[in-house]
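Coordinate analysis (summary)
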Amino acid sequence: MVPKVPEHVNLNGVGFDQFEEKSLERTFLAIKPDGVQRGLVGEIISRFEAKGFALVGLKLVQVSRELAESHYDVHRERPFFADLVNFIISGPLLAMVWEGDGVIASARKMIGATNPLNAEPGTIRGDFAVSIGRNIIHGSDAPETAQKEISLWFKDEELVSWESTAKAWLVE
Ligand code: IDP
Ligand code: MG
């Protein structure tokens, strides 16, 4: 139910439809070089499409060392950092932004546990991977990291706001 706005409330010309659209959640997902090389790009995109999320940004990137290091900055002191960065720059990576209510946490569930051997069947890592250092896909873990990662990987003009004609069949 959309709440009724009293007439004296000034929304600066922003109707509720636009307001709701603007507040939709977005997350950054990346198919790592192993997923691209193994031909899993279509399979993975299909899962998020079929679930009902909307693709708003997509590009194939040969990642620079600098970008890989800043993306994984929180892991800089970890023993696997150097291998992780070398792996991320070892081949093309598919960078994506997906949109929808609850997409950040939902995508993490669909991706599965970091160690693919602990990831449930039905998750992407659970279905397609066996090794923590080759776990196919990255997904932002919280709203703050999602925002940070989206702006690290994409310029504003590379993101497209659109509304699927299927929305009425997806959201009550
Ligand atoms: P996440 O990708 O599930 O969020 P993080 O703990 O944020 O997992 O780690 C980032 C990435 O670093 C993992 O996806 C994985 O590729 C790599 N990584 C994490 N822990 C290890 C490890 O113990 N050995 C090798 N690589 C690791
Ligand atoms: Mg992480």
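Residues numbered from 1 in each chain as written. Chains lettered and ligands numbered in written order. Predicted model: local features only at pLDDT ≥ 70, side-chain atom pairs only at ≥ 80, totals over all residues. Heavy atoms only, no water.

**Thoughts on the nonpolar core**
- By size, the foremost hydrophobic cluster in this structure holds 22 residues, and its most contacted members are Ile44, Phe48, Trp98 and Ile136.
- Among the secondary structure elements, those contributing two or more residues to this core are β1 (26–31), α3 (41–51), β3 (93–99), α6 (103–111) and α7 (124–128).
- Of all the elements, α6 adds the most residues to this core, at 5 residues.
- Beyond its immediate stretch of four places on either side in the chain, isoleucine 44 contacts Ile31, Ile124, Ile136 and Ile137.
- Judged by nonpolar contacts, the second largest core, of 21 residues, contains Phe87, Ile88, Ile89 and Leu93. (Core = buried A, V, L, I, M, F, W, Y, C linked by side-chain atoms within 4.5 Å. Buried < 20%, exposed > 50% of the residue type's maximum accessible area, 1.4 Å probe, protein only. Helix = DSSP H or I, 4+ residues; strand = E, 2+ residues; numbered from the N terminus. Contact = heavy atoms within 4.5 Å.)

**Details of helix α5 (residues 81–88)**
- Restricting attention to buried positions, one finds in α5 the residues Phe81, Leu84, Val85, Phe87 and Ile88. Projected down its long axis, α5 shows its buried positions confined to an angular sector of 160 degrees, all on one face. (Arc of directions from axis to C-beta.)

**Some details on unusual backbone geometry**
- The phi dihedral of isoleucine 136 falls on the positive side, at around 75 degrees, and the residue is not glycine.
- Structurally, the position occupied by isoleucine 136 is in the loop between α7 and β4 (137–139).

**With respect to the sheet that holds β4**
- What the 4 strands build is an open sheet, ordered β2-β3-β1-β4; its pairing is antiparallel. With one partner strand each, in any of the chains shown, β2 (54–61) and β4 form the two edges of the open sheet. Shown here is a sheet whose adjacent strand axes are inclined to one another by a mean of 15 degrees, direction ignored.
- Direction of pairing for β2 relative to β3: antiparallel, over a ladder of 7 bridges. Paired with leucine 55 across the two strands is tryptophan 98, which belongs to β3.
- Relative to the sheet, α3 contacts β1, β2, β3 and β4, its axis offset from that of β3 by approximately 5 degrees.
- With respect to the sheet, helix α8 (residues 143–153) is in contact with β1, β2, β3 and β4, its orientation differing from that of β1 by roughly 60 degrees. (Pairing = 2+ DSSP bridges. Axes fitted to C-alpha atoms, helices over the stretch in contact; angles between N-to-C directions.)

**Focus on the packing of aromatic side chains**
- Under the counting rule described, the total for this entry stands at 3 aromatic pairs.
- Both rings, one in phenylalanine 28 and one in tryptophan 153, keep their centres 5.1 Å apart while their planes meet at 20 degrees; by these two values the pair is stacked. You can see phenylalanine 28 sitting in strand β1 and its partner tryptophan 153 sitting in helix α8, a full 125 residues away along the chain.
- Of the residues examined, phenylalanine 28 reaches a relative accessible area of 0% and is grouped as buried.
- For tryptophan 153, a relative accessible area of 5% translates into the label buried.
- Where phenylalanine 48 meets tryptophan 98, the ring centres are 5.7 Å apart and the plane angle is 40 degrees; that geometry is what we call tilted. Remark: tryptophan 98 occurs in strand β3 and phenylalanine 48 occurs in helix α3; sequence separation between them is 50 residues.
- Exposure remark for phenylalanine 48: the relative accessible area of 0% places this residue in the buried category. (Phe/Tyr/Trp six-rings, centres within 6.5 Å; stacked < 30°, edge-to-face > 60°.)

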